[in-house]
Amino acid sequence: MQHFANVLNKRKMSMRTETSDPVSVPLVTEPWGMWRTLKEVRQNILSIIPQIATSQPIVSGKMVKRWHMIMDPTALRQVLLERLEIYPKSEVTKNLLKPAIGESLFIAEGAHWRWQRRTAAPVFSQRNVMNLSPVMSAAAERCAQRISTHVPNSAINFFDEMITTTFDVIADVTFSGDESFDRNNIHTAIESYISEAGKVSLLDILALPSWVPRPNRLLTGWGLTETKEIADRVIEARKRYGAADPPDLLDLLLEGEDPDTKRKMKTAELRENLLTFIVAGHETTALSLSWALYLCAFDTEVQAKARSEAQSVLSDGRAATGDDVSQLPYIRHIIDEALRLYPPAGMVSRTAIAKDELCGRAIRPGDTVILPFYALHRNELLWDHPNSFYPERFSSSKSIERYAYLPFGDGPRICIGASFALQEAVIILATLLSRFEFIRVPGRDPKPVMILTLRPEGGVWLTTNQISKTTK
Ligand code: HEM
């Protein structure tokens, strides 16, 4: 697997050492017993990944059930594309998300998934995503204004700040201009849902049936009922009063129909999919941005290079727009590299429902197939200096093997919101870098912990310096 060898600027890479790498998850180097594993997984799902997963194509084991972790691009292609039908999403994801998002696009399988995907696909077309970019620029501007009101040199938790900003975006493109939509209440309900539901147990990962009792699992409440009612009211009102101008995600979804059957979504289906976009879309994008800001503070050389790109495009001091994105390739590579080192979906899993073979190993029906994107993205068979922060590795698209880099998954079930998220992240990061310098707070580096998503435990605390207009 030499595809990466020609990519990197060897001079710069050779100057880097282990200690100059950004924060990472300490992976397991010796087998733990069942009880220790159960306990650790509740703190951090990634703690079930053994260190050898970063140097092997496949690692298998048995704990109650047979499981396999796949880090080989050819085998990943088989699971996500070629033999998709025998690897449905495992119960873990479904059990966690069903209370909020029902049988929506994210969870459904087979024909019920297919018609929803066909209906929603045009909503996320390049043209529609571009039309939504003014919302992203406005949120970036508001975020920059908030940061500039902070006392100079006082640290800000940028994870919280990015969550506020990306929720702003997703709220505006789902329920735009609706008076009855109480943004704060819905945000609080969804945030507490994500953090409660995300407390995955090992029993979930191994896809044991949902009747096996989970500790501390309470899948009701968290303001979800109220959130659903509000969403239904907004949808009914929009049906009566017509589309916003420009149309937002709800309008586009209301218009959408399955091109084959002409079926349209009913209110409950619209609500489940809108809540899916909110749940799947805002925290993941906030994470990419938070980790990217941490990485820029970590490597001041990269930050300076990115700032000069952002300032040359935004020379008049404005926020970045959708049209600017193609002029900001280095900022995009920083996002790509943040998604490699800290993929928000650090691991997803499937349950095999038929016999197969992956990397020469027999897969039996019922086996859990884990796709640990965190370990894939740091696998030394695939990446040079896998733990180093080096955005330039993305400067040639040919250098990255497709199934070696999967922050958005791949195949038919690839993230529907990928270009929306990337456009939003580039707009916000470029706007912020053009105006502020980001500085690490000694002793307060974030700790990567995966609870549903790969989060910075304790937040991303950075101080900022506003760049004076004269130096812009
Ligand atoms: C950086 C941000 C994001 C990341 C890293 C991300 C990651 C992912 C991944 C890995 C999957 C595939 C899961 C699997 O195969 O098990 C996925 C699916 C999905 N994502 Fe995203 N996502 C992001 C942003 C968004 C946004 C902005 C939206 C919508 C507004 C969205 C909506 C969805 C939906 C609906 C699916 C299910 C698609 C299907 O099964 O057909 N995501 N995402």
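Residues numbered from 1 in each chain as written. Predicted model: local features only at pLDDT ≥ 70, side-chain atom pairs only at ≥ 80, totals over all residues.

Trainee: How do you make sense of the overall build of the protein chain when you look at a structure like this?
Mentor: Counting secondary structure elements, the protein chain contains 17 helices and eleven strands. Buried positions account for 46% of the 472 residues belonging to the protein chain. Long-range pairs, those at least 24 residues apart, make up 77% of the contacts in the protein chain with a sequence separation of at least 6. (Helix = DSSP H or I, 4+ residues; strand = E, 2+ residues; numbered from the N terminus. Buried ≥ 20, exposed ≤ 12 C-beta atoms within 10 Å, placed from the backbone. Contact = placed C-beta atoms within 7 Å.)

Trainee: Hey, could you run me through the sheet that holds strand S2 (residues 65–70) in this one?
Mentor: The strands that make up a sheet pair up through hydrogen bonds in the backbone, lying either parallel or antiparallel. Pairing within the open sheet is mixed, and its four strands lie in the order S1-S2-S7-S4. The open sheet has two edge strands with one neighbour each: strand S1 (58–63) and strand S4 (348–351). Geometrically, the sheet is characterised by an average inter-axis angle of 25° between neighbouring strands, direction not taken into account. Relative to strand S7 (residues 368–371), S4 runs antiparallel, the two being bridged by four bridges. Bridged to Thr351 within S7 is Thr368. (Pairing = 2+ DSSP bridges. Axes fitted to C-alpha atoms, helices over the stretch in contact; angles between N-to-C directions.)

Trainee: Can you walk me through the site of the ligand in this structure?
Mentor: The local shell around the ligand holds 23 residues, among which Gly281, Thr284, Gly409, Cys415 and Gly417 are the closest. Those elements that provide at least two residues to the shell around the ligand are helix H13 (267–298) and helix H17 (418–435). At seven residues, H13 tops the list of elements feeding residues into the shell around the ligand. A breakdown of the residues in the shell around the ligand according to their chemical character gives 13 nonpolar, seven polar and three charged. (Near = placed C-beta within 6 Å. Nonpolar A, V, L, I, M, F, W, Y, C, P; charged D, E, K, R; others polar.)

Trainee: Help me understand the sheet that holds strand S11 (residues 461–466), please; the structure alone is not making it clear to me.
Mentor: Taken in spatial order, the three strands make up an open sheet running S3-S11-S8, and their pairing is antiparallel. With one partner strand each, in any of the chains shown, strand S3 (156–157) and strand S8 (436–440) form the two edges of the open sheet. For S8 and S11, the ladder comprises five bridges, and the chain directions are antiparallel. Its bridge partner being in S11, Phe436 is matched across the sheet by Gln466.

Trainee: Explanation requested: the environment of Thr29 in the structure shown.
Mentor: Of note, Thr29 is situated in the loop between helix H1 (10–14) and helix H2 (34–43). Sequence separation between Thr29 and Gln51 is 22 residues; the distance between their C-alpha atoms is 5.5 Å.

Trainee: Explain helix H7 (residues 133–148) to me, please; I cannot follow it from the model alone.
Mentor: Because the α-helix completes a turn every 3.6 residues, residues three or four places apart line up on one side. Under the 1.5 Å per step criterion, the end-to-end length of H7 is 23 Å for 16 residues, consistent within 8% with the ideal 22 Å. Ser133, Val135, Met136, Ser137, Ala139, Ala140 and Cys143 are the residues of H7 that are buried. Close packing links the buried residues of H7 with helix H6 (126–131), helix H8 (158–174) and H17. (Expected span 1.5 Å × (residues − 1).)

Trainee: I keep staring at the pairing of strand S9 (residues 447–451) and nothing clicks. Help me out?
Mentor: In the case of a regular strand, side chains alternate between the two sheet surfaces. Side chains of S9 alternate between two faces, with Pro448 and Met450 buried and Lys447, Val449 and Ile451 left unburied. As judged from the five bridges shared by S9 and strand S10 (residues 453–457), these two strands associate in the antiparallel manner. Residue Ile451 lies in a different strand from S10, and its bridge partner there is Thr453.

Trainee: Would you mind going over H17 with me for this structure?
Mentor: For H17, spanning 18 residues, the distance from its first C-alpha to its last is 26 Å, which sits close to the expected 26 Å at 1.5 Å a residue. The buried count for H17 comes to 16 of 18 residues, which makes it a mostly enclosed element.

Trainee: Please clarify how the environment of Trp115 should be interpreted in this entry.
Mentor: Topologically, Trp115 is positioned in helix H5 (residues 110–120). By C-beta crowding, Trp115 is classed as buried, having 20 other C-beta atoms within 10 Å. Between the C-alpha atom of Trp115 and that of Glu257, which follows or precedes it by 142 residues, the distance is 8.6 Å. Among residues more than four places away in sequence, those in contact with Trp115 are Asp258, Thr261 and Arg263.

Trainee: Just checking my understanding: could you explain unusual backbone geometry for this structure?
Mentor: What you tend to see is this: most non-glycine residues have negative phi, and most peptide bonds are trans. Backbone geometry at Lys262 places phi at a positive 65°, although glycine is not the residue there. As for its placement among the helices and strands, Lys262 is situated in the loop between helix H12 (249–255) and H13. When the 7 C-beta atoms within 10 Å are taken as the criterion, Lys262 is described as exposed. One non-glycine residue with positive phi stands out, namely His385, at about 45°. Looking at the secondary structure, you find His385 in the loop between helix H16 (373–376) and H17.

Trainee: Can you help me understand the packing of helix H14 (residues 300–313) against H17 in this one?
Mentor: In a pair of packed helices, the angle between the axes and the distance between the axes together describe the arrangement. Contact pair H14 / H17: the axes reach a minimum separation of 8 Å and the direction vectors enclose 100°. The orientation of H14 with respect to H17, classified from their angle, is roughly perpendicular. Across from Ala306, Arg307, Ala310 and Gln311 in H14, the residues of H17 making contact are Ala430, Leu433 and Ser434. When its residues are assigned to classes, the contact of H14 with H17 shows four nonpolar, two polar and one charged. (Parallel < 35°, antiparallel > 145°, perpendicular 65-115°, else oblique.)

Trainee: Explain the confidence of the model for the protein chain to me, please; I cannot follow it from the model alone.
Mentor: Here the protein chain averages 84 in pLDDT, and 81% of its residues register 70 or above. A low-confidence stretch, residues 1–12 (pLDDT under 50), is modelled with 19 contacts involving residues beyond four sequence positions or located in other chains. Scored below 50 in pLDDT, residues 208–222 makes 16 contacts in the model with residues more than four places away or belonging to other chains. (pLDDT = per-residue confidence, 0-100.)

Trainee: Teacher, can you tell me more about the environment of Pro152 here?
Mentor: As for its position among the elements, Pro152 is in the loop between H7 and S3. In this structure the C-alpha to C-alpha distance between Pro152 and Thr464, which are 312 residues apart in sequence, comes to 6.9 Å.

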